[in-house]
Amino acid sequence: MKSLLLFVLMSLPLSSFAKTVRYELTIRNEPVNMSGKKTVDFALTVNGGIPAPTLEFTEGDDAEITVKNELKNSNEDVSIHWHGILLPPLEDGVPFVNTPPIYPGKSRTFKFPIRQNGTYWYHSHTMLQEQKGVFGSIVIHPKKETIKVDKEAVVVLSDWSDENADHILRNLKKDGDYYLYKKGTMRSYFEAIKEGKLMNQFKNEWTRMGGMDLSDVGYDAFLINGKPVSQLLEAHPGQRIRLRIINAAASSYFQVSLGGLPMTVISSDGIDIEPIQTNEILMGMAETYDVLFTVPEHKNYELRATCQDGTGYASTFIGMGEKVFAKDVPKPDLYATMDHDMSGMDHSAMGGMDHSKMSGMDHSKMQGMDHSQMKDMDHSKMKEMDHSKMGEMDHSKMQGMDHSKMKGMDHSESKPKKSTPAKEDHSGHDMKGAQATPMTMASGKVIEQLSVDKLKALEPINFPKNAKVHDLKLVLNGDMRRYVWHINGKTISEDRLLTVNPGEIVRITYQNDSMMHHPMHLHGHFFRVINENGTYSPWKHTVDVPPMGSRTIEFYTDEVGQWMLHCHNLFHMDTGMARVVKYSNFALEGEMAEHDKHDHHRMDPWFNYGRVELSSNHMEGNFRISQAWNEFSARIEGANIKGKNFDYNFKDEWDYEGDVFYRRWFNNWTNLIVGGTSYGEKTHGVIGIGHFLPMMIETNLLVNHDGKFRLDIEREFQWTKTVFSELEFTWRPDNQGGEHETEFELSLMYSPKWEWAAGLMLTNDSLGAGFEYQF
């Protein structure tokens, strides 16, 4: 009998012995004061706090997590996405894409096996809820600990605004530069002269981009574990500390450093890497890094996360006694040139990639990759990495991932068959000290600022040699003026799906044609980021694509489903920079098939903008509603025809004109105009082209139904951070519809905030004083 029982137990799959770990997460509206300046009532808490609680598991566990929606708004659903976790698509947590939404008063229990270990996180994937507080950390311990430490702590970085995230998006849609005033990062001619970089300013204006954009939103606080300043751990000299750092910010890159000490980075995005020392880590949104250090003295060391745009930082301390502060991060150069050949860019901010060492990459087989902008790369040195010679992936040394629950796999051998990342054994590495010896490092030196360019996998990563390669090129770009972000010139509402086939190697080349960093995340997969380390290039789930730069990633398609791919800048994703990766052999069924029809990514919402000008000799009103590529605008203007100030005899002394236009934008610069104009006694239908010229010049060229042309030119000059001028010039038929005449307006305005300005306004006939208000 005992023998029979033993036989039965040995015959059971390992999953039968898995421990079920249960959590309950309740999302509510609660007033909070995160910045220390203001209590707000729009915040969303999880179990009463921001950030949400840390969820801990051990690899091989079964997770069972119940999420409850207790929001006051009876129309607001919620969701939770388990970022970086390998699981079935139905449990991924993107509402209307692969998981049902959680409606008010309802709950959903997520169930999935824990197939990996490392540092991960979770957050809402519903609209802008992540910015409002729905995010937390996940720690998955390996079955057998291979790195021994005295203490460890989770470090959750975040950004916080006392302004409702819904209002933030509406403000950005009014003007992508809305928050420059709040951040104090407005570029100006006088400041450029003072810095000796006026020519740089002109070069940037010639590109029609204005300069490097490091962030869009003006935040009120940057936080670590929900606090701007805190004591993370008490620690004594000689104690070895592990920090699990997660960038859970909605739209902020962080430069992370430790008070006067290098950090030994041992893991990126939950996957162990060859240990490497660095003084600073540039962390994109959604990335995670695990670092080690040993407390050298009886002091209190600051871990500082500085927002990349230089507008603030968060601090937490480790140790005890006298405080040792991290070095101040230099303010970014607002006037650095951003040429397409990147000749004026500070490469230190991009990880310092040494292309001369990329000896393992055969680019001849990288179809779809645009090398035209990679002028300075010597491809003659790239000899060793021939993708055609990549043999079957050897997982024999990749310990730590339980593949027993991966359906469709042959488990007759102990080696996992999927090309998903696994945890390697660190026991062969001397990791006893915080600053391990150079023999244990990926390179023998301390990196000044670490990025993905220097990360190295512990084992070579090879894909099946007979797998077909599917090349995709995704061009990332956007228009800051209208705040539209897109991939290959289309938002997700226009071009939603990227279809892949199972059993192929998908190679994506991201080409960033914008001035901003984009942290690109793929759900349900890990991918290899091709860098100088060839087949030792690292696994990641989120990769930074730098301004005017490119990244190439590869993954094997063995996670059948429907998965989001998107920029993890929350506001970029919400305005179009996203896609849904769908396997060709996958079909949604039942409830999810119906939900998919209502995915908000299919929609292109309308946003509005208005401006009113009133002066002693002139008045004007403008109103606009717009989508990504469609825009309706109306303008009415009046001027005192005798050039008198403060004479508002509107019936006899004033002339009026107005326009109603529909614009269809073809790209960031050009739009078709159809509409009507009224001037004096004449009303005309018009058609024409609007174009944004180099040097930031707005133009409209119109022709009316009588064959008469009209030219509008508009240009803004930012003299100081708070003083600007607007020049408007119009050449058109006179108010009788006959000969052409010219009209101009020139203003000199003081504007301490985006919403209003006051100053002098000069027209053809007179000089007046007035103000303008934007809303």
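Structure's up top.
For clarity, every value in this text was computed on a predicted model and none was experimentally measured.

Asks: Looking at this structure, how should I read the side chain of D162?
Replies: You can see D162 is positioned in the loop between β9 (151-160) and α3 (165-174). Comment: no salt bridge for buried D162; closest opposite-charge side chain is K37, at 5.9 Å. At a separation of 2.7 Å, a polar atom in the side chain of D162 contacts the side chain of S35. Those residues in contact with D162 that sit more than four places away from it in its chain are S35, K37, K38, V40, F42 and D220.

Asks: Can you help me understand the environment of L727 in this one?
Replies: Looking at the element boundaries, L727 is found in strand β40 (residues 723-733). What makes L727 partly exposed here is its relative accessible area of 32%. Put simply, L727 and E714 are 13 residues apart on the chain and 5.6 Å apart in space, counted from C-alpha to C-alpha. With residues near it in sequence (within four places) discarded, L727 still touches I713, E714, R715, F717, E745 and L746.

Asks: I tried to follow the packing of aromatic side chains on my own but got confused; where do I start?
Replies: To describe a pair of aromatic rings, one takes the distance between the centres and the angle between the planes. A full pass over the atoms with the stated rule returns 22 aromatic pairs. Ring geometry for F222 versus F254: centroids 5.9 Å apart, planes at 90°, classification edge-to-face. Here F222 is found in strand β10 (residues 221-224), whereas its partner F254 is found in strand β13 (residues 254-258), with 32 residues between them in sequence. Given the relative accessible area of 4%, F222 is considered buried. Chaining the aromatic ring pairs together yields one cluster made of Y189, F190, F202, F717 and W719. Sitting over the ring of F717, R715 keeps its end group 4.5 Å from the ring centre.

Asks: I tried to follow the environment of S626 on my own but got confused; where do I start?
Replies: Topologically, S626 is positioned in strand β33 (residues 618-626). The exposure class assigned to S626 is buried, which follows from its relative accessible area of 8%. A C-alpha to C-alpha distance of 5.3 Å links S626 and W606, two positions 20 residues apart in sequence. The residues touching S626, leaving out its near neighbours within four places in the chain, are P605, W606, F607 and E631.

Asks: Would you take a moment to explain the sheet that holds strand β31 (residues 578-583) for this structure?
Replies: Across a sheet, strands are paired by hydrogen bonds formed along the backbone, either parallel or antiparallel in direction. Ordered in space as β23-β31-β30-β25-β28, the 5 strands form an open sheet in which the pairing is mixed. The open sheet is flanked by β23 (497-500) and β28 (542-545), the only strands paired with a single partner. Here the strands of the sheet are splayed against their neighbours by 20° on average, with no regard to which way each runs. Sheet topology note: the β23/β31 ladder contains 4 bridges and is parallel. Pairing of T499 across the sheet is with K582, part of β31.

Asks: Help me out: how do you make sense of the pairing of strand β7 (residues 118-123) in this one?
Replies: Along a regular strand, successive side chains alternate from one face of the sheet to the other. Here β7 lies mainly inside the structure; 6 of its 6 residues are buried. Burial along β7 is two-sided: the face carrying G118, Y120 and Y122 and the face carrying T119, W121 and H123 are both buried. Where strand β5 (residues 81-83) meets β7, 3 bridges bridge the pair, whose relative direction is antiparallel. Bridging across to β7, W82 finds its partner in Y122. Here 6 bridges tie β7 to strand β8 (residues 135-141), and the two strands are oriented antiparallel to one another. The residue bridging Y122 from the neighbouring strand is G136, located in β8.

Asks: Is there a simple way to explain the nonpolar core in this structure?
Replies: Across soluble globular proteins, nonpolar side chains have a tendency to be buried as a group. Membership of the largest hydrophobic core comes to 135 residues, with the highest contact counts inside it found for W82, L243, I318, Y510 and M520. What M520 contacts, discounting residues up to four positions off in sequence, is L476, I487, Y510, F527, H541, T542, V543, V545, L565, H566, C567 and M577. Counting residues in hydrophobic clusters, the runner-up holds 17 residues, among them V40, V139, V156 and I246.

Asks: Sorry if this is basic, but what is going on with the environment of I276 here?
Replies: Structurally, the position occupied by I276 is in strand β15 (residues 271-278). Judged by relative accessible area, I276 falls into the buried class, the value being 2%. Residues I276 and V291 lie 15 residues apart in sequence; the distance between their C-alpha atoms is 9.4 Å.

Asks: Can you walk me through the sheet that holds β8 in this structure?
Replies: Across the sheet, which stays open at both edges, the 4 strands sit in the order β3-β8-β7-β5 with mixed pairing between neighbours. Pairing within the sheet leaves two strands with one partner each, and these edge strands are β3 (52-58) and β5. With direction set aside, neighbouring strand axes in the sheet form an average angle of 25°. Bridge count between β3 and β8: 5 bridges; the pairing is parallel. Counted as the bridge partner of L55 is I138 from β8.

Thresholds applied
- Residues numbered from 1 in each chain as written.
- Predicted model: local features only at pLDDT ≥ 70, side-chain atom pairs only at ≥ 80, totals over all residues.
- Heavy atoms only, no water.
- Helix = DSSP H or I, 4+ residues; strand = E, 2+ residues; numbered from the N terminus.
- Buried < 20%, exposed > 50% of the residue type's maximum accessible area, 1.4 Å probe, protein only.
- Lys, Arg positive; Asp, Glu negative; His and termini not counted.
- Salt bridge = Lys/Arg side-chain N within 4 Å of Asp/Glu carboxyl O.
- Polar contact = N/O pair within 3.5 Å; in protein donor to acceptor, adjacent residues only side chain to side chain.
- Contact = heavy atoms within 4.5 Å.
- Phe/Tyr/Trp six-rings, centres within 6.5 Å; stacked < 30°, edge-to-face > 60°.
- Lys NZ or Arg CZ within 6 Å of the ring centre and 35° of its normal.
- Pairing = 2+ DSSP bridges.
- Axes fitted to C-alpha atoms, helices over the stretch in contact; angles between N-to-C directions.
- Core = buried A, V, L, I, M, F, W, Y, C linked by side-chain atoms within 4.5 Å.

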